[in-house]
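These are the residues of each chain, in order.
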Amino acid sequence: MESKKVLFISQEVSPYLPDTPMSVLGRDIPQGIHGKEFEVRSFTPKYGCINERRNQLHEVIRLSGMNLIIDDTDHPLIIKVATLLPSRMQVYFIDNDDYFQSLPEKGLEIDLLPDDNDERIMFFTMGVAETVKKLRWQPAIINCSGWVSSLAPLYLRRKYADDPTFRDSKIVFALHPEKFEGTLDSRFVEKLKMNEFTDEDLAILGERPVDFSALNRLAIDYADAVIQATDDVDPELVAYAKASGKPFLPFDSGDGMVARYTEFYRSLLGEEDD
C-alpha cells in the first residue's frame, strides 16, 4: 500500500535549535511516523542562529530563486535542506536575509522583533506552499505547529484552495504555549488583502490589532482538526478549539505519543484500525 504523505510545517525543530518542548515535538513526531505508513517531509524557518555547516544544510538550487511579493515588495526565496538522522527524513528550511538572517545569533528570540513578524510568517507560509507545489508532492495531512505556522490554514484554504496539491489535504493545527508579546503590525490585515484575501476571509480578525490569541483563533477556524501539543496551552484557546466541533486531540502526558498522533491522522483520513 502506498504511504500517505504528511507535511509538517513547524516553528521549531531539534537539533537545529536548542531542545524545547516545541522543538523536540517538531523532531520526534515526524521522525516517529516517517517510514511506516507515512512518508514525511518537514519545513521550518532557517533562523540566523542555525549553523549550516554543523547541521549539513545545503541550498536546493532548483527550488530556490522565486520571488514572493509581500506588501508590494519582492523578497527572494531560498530553500535549504538537511537530512535528519536516524530516520533520514528530509527537513526543508525557508530562508531569506530580510526575515530570518537578522534574528539574534544567540538564540531563536523571534518574539523580540515584532515589527516584521507579520511579514515573516506570511513569507514563511507562502514559501512552504510554493516549494511543496514545485516538489509535486501532495500531502494527505498537513500538520502546522506554533504561531509561526498559523497562517498556513488560511492560505491553503483560500489562496491555494483550487490547487490540486492541497485541495484534498486535511489540515491540523497544533496549539503551543510559546507566544509573541504585543500585537502584529497595524497593517497586517491590509497586507493580507493585498495577497488576495477578502473581508469575509479575515472577518474573525475584526478591527482590533492582531495578537497571539487572535492569530491562533484564525488558524483554528481554517484548520480541519486541532491538537493540544502540551499541557500548558492557553485554556481559552483549548476551549475555542473544542467549541468549534472539529476533531480535537487533547494533551496526554503518557507514553505512546507517536501512536496517538498516528491514530488521529488515520481517523482524519477515514481509516479504521486493523
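For the structure itself, look to the data block above.
Presented here is a report on the structure given in the accompanying data block.

What counts and what doesn't
- Residues numbered from 1 in each chain as written.
- Predicted model: local features only at pLDDT ≥ 70, side-chain atom pairs only at ≥ 80, totals over all residues.
- Heavy atoms only, no water.
- Pairing = 2+ DSSP bridges.
- Helix = DSSP H or I, 4+ residues; strand = E, 2+ residues; numbered from the N terminus.
- Contact = heavy atoms within 4.5 Å.
- Axes fitted to C-alpha atoms, helices over the stretch in contact; angles between N-to-C directions.
- Core = buried A, V, L, I, M, F, W, Y, C linked by side-chain atoms within 4.5 Å.
- Buried < 20%, exposed > 50% of the residue type's maximum accessible area, 1.4 Å probe, protein only.
- Expected span 1.5 Å × (residues − 1).
- Salt bridge = Lys/Arg side-chain N within 4 Å of Asp/Glu carboxyl O.

### Let's talk about the sheet that holds strand β2 (residues 38–45)
- Sheet architecture is open: nine strands sit in the order β3-β6-β7-β2-β1-β8-β9-β10-β11, paired in mixed fashion. Two strands bound the open sheet, and with one partner strand each, they are β3 (58–59) and β11 (248–249).
- Seen against the sheet, helix α9 (residues 257–268) touches β1 (4–10), β2, β8 (141–145), β9 (170–175), β10 (225–228) and β11 and runs at an angle of roughly 170° to β10.

### Considerations on the nonpolar core
- Counting 91 residues, the largest nonpolar core has L151, L192 and Y265 as the members making the most contacts within it.
- By residue number, the principal contributor to this core is helix α4 (residues 117–135), which donates nine residues.

### Digging into α4
- The end-to-end C-alpha separation of α4 is 27 Å, in line with the 27 Å expected for 19 residues at 1.5 Å each.
- Within α4, 17 of the 19 residues are buried, which leaves the element mostly enclosed by the surrounding structure.
- Of the residues trailing α4, R136 is marked for its positive phi of about 55°.

### Digging into the environment of P177
- Tracing the backbone through its elements, the reader meets P177 in the loop between β9 and α6 (188–193).
- On the basis of relative accessibility, which here comes to 22%, the residue P177 falls in the partly exposed class.
- The contacts of P177, once residues within four sequence positions are left out, are F212, T230, D232 and V233.

### Concerning the pattern of salt bridges
- Under the definition given, this model contains 20 salt bridges.
- The salt bridge involving E52 is made with K46; its shortest N-O contact spans 3.7 Å.
- Overall, K46 belongs to the buried group, its relative accessible area being 1%.
- The shortest N-O distance in the salt bridge between D185 and K191 comes to 3.6 Å.
- Note on D185: relative accessible area 26%, which makes it partly exposed.
- For K191, a relative accessible area of 3% puts it in the buried group.

### So, the pairing of strand β4 (residues 67–70)
- Here β4 shows a buried face lined by L68 and I70 and an unburied face lined by N67 and I69.
- With four bridges connecting them, β4 and strand β5 (residues 73–76) associate as antiparallel partners. If you follow N67 over to β5, its bridge partner there is P76.
- Linking β4 back to β5 in an antiparallel pair, the connection comprises two residues, with D71 at a positive phi of about 55°.

### A word on the pairing of strand β6 (residues 78–84)
- Counting buried positions along β6 yields five of seven residues, so the element is predominantly enclosed.
- As judged from the two bridges shared by β3 and β6, these two strands associate in the antiparallel manner. Note that in β6 the partner of E59 across the bridge is K80.
- Pairing of β6 with strand β7 (residues 89–95) involves seven bridges; the strand directions are antiparallel. Bridged to I79 within β7 is I94.
- In textbook terms, the turn of a hairpin is the stretch between consecutive antiparallel strands, and for β6 and β7 this stretch comprises four residues, one of which, R88, has a positive phi near 60°.

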